[in-house]
Amino acid sequence: AAAEDANSINDGLYAAIMDANGVSTLQQSYEHLAPTGRLIVYGFHTNLPSSAMLSPLEWLRMGKKMLSMPKFDPMELTVDNKAVLGFNLSFFADE
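Residues numbered from 1 in each chain as written. Predicted model: local features only at pLDDT ≥ 70, side-chain atom pairs only at ≥ 80, totals over all residues. Heavy atoms only, no water.

Focus on the overall build of the protein chain
Line of reasoning, step 1. Looking only at helices and strands, the protein chain features four helices and three strands.
Line of reasoning, step 2. In the protein chain, the order of α-helices and β-strands from amino to carboxyl end is α-β-α-β-α-α-β.
Line of reasoning, step 3. Out of the 95 residues belonging to the protein chain, those deemed buried represent 25%.
Line of reasoning, step 4. In the protein chain, once contacts between residues fewer than 6 apart in sequence are set aside, the share between residues at least 24 apart is 46%. (Helix = DSSP H or I, 4+ residues; strand = E, 2+ residues; numbered from the N terminus. Buried < 20%, exposed > 50% of the residue type's maximum accessible area, 1.4 Å probe, protein only. Contact = heavy atoms within 4.5 Å.)

Some details on the sheet that holds strand β3 (residues 83-86)
Line of reasoning, step 1. One open sheet holds the three strands; their spatial order is β1-β2-β3, and the pairing between them is parallel. At either end of the open sheet lies a strand with only one pairing partner, and these are β1 (14-19) and β3. Pairwise comparison of adjacent strand axes, ignoring direction, gives a mean angle of 15° for this sheet.
Line of reasoning, step 2. Relative to β3, strand β2 (residues 33-41) is paired through four bridges, and the arrangement is parallel. Residue pairing across strands places Leu39 opposite Val84, the latter belonging to β3. (Pairing = 2+ DSSP bridges. Axes fitted to C-alpha atoms, helices over the stretch in contact; angles between N-to-C directions.)

Some remarks on the side chain of Lys82
Line of reasoning, step 1. Along the polypeptide, Lys82 turns up in the loop between α4 (74-80) and β3.
Line of reasoning, step 2. The charged side chain of Lys82 is buried without a salt bridge, its nearest counter-charge being Asp80 at 4.7 Å.
Line of reasoning, step 3. At a separation of 3.3 Å, a polar atom in the side chain of Lys82 contacts the main-chain carbonyl oxygen of Leu33. (Lys, Arg positive; Asp, Glu negative; His and termini not counted. Salt bridge = Lys/Arg side-chain N within 4 Å of Asp/Glu carboxyl O. Polar contact = N/O pair within 3.5 Å; in protein donor to acceptor, adjacent residues only side chain to side chain.)

Brief notes about the packing of aromatic side chains
Line of reasoning, step 1. Applying the stated rule across the entire model yields two aromatic pairs.
Line of reasoning, step 2. Between Tyr42 and Phe87, the ring centres sit 6.0 Å apart and the planes meet at 15°, which makes this aromatic pair stacked. Placement of Tyr42 in the loop between β2 and α3 (56-67) and of Phe87 in the segment after β3 is noted, with a sequence separation of 45 residues between them.
Line of reasoning, step 3. Accessibility expressed as a relative area gives 38% for Phe87, which makes it partly exposed.
Line of reasoning, step 4. Residue placement shows Lys82 over the ring face of Tyr30; its charged tip is 4.7 Å from the ring centre. (Phe/Tyr/Trp six-rings, centres within 6.5 Å; stacked < 30°, edge-to-face > 60°. Lys NZ or Arg CZ within 6 Å of the ring centre and 35° of its normal.)

Side note on the pairing of β1
Line of reasoning, step 1. One ladder, built from five bridges, connects β1 with β2; its direction is parallel. Bridging across to β2, Met18 finds its partner in Ile40.
Line of reasoning, step 2. Handedness of the β-α-β unit built from β1, helix α2 (residues 26-31) and β2 comes out right-handed. (Right-handed = clockwise from strand over helix to strand, strands pointing away.)

Below, the structure written as structure tokens:
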């Protein structure tokens, strides 16, 4: 219900979206940006291994996820007047 309510505002387009999920939601997040919108990526939870042990199969799964990650074309970003920004929260651990 909350997602439906949110999508009814401004036709489901937002000025800023913060995405910590990664490959499972990045494309959808980008598609919900309004003109001049900013997609802020600060994590890749769904790209992490699904088990604590990094077996060869887990490496293959992570590689497949990396290959399916959306690519953002600089020309398209300019034409759409949108931006994709990213930062790593772990770099702020010492601050």
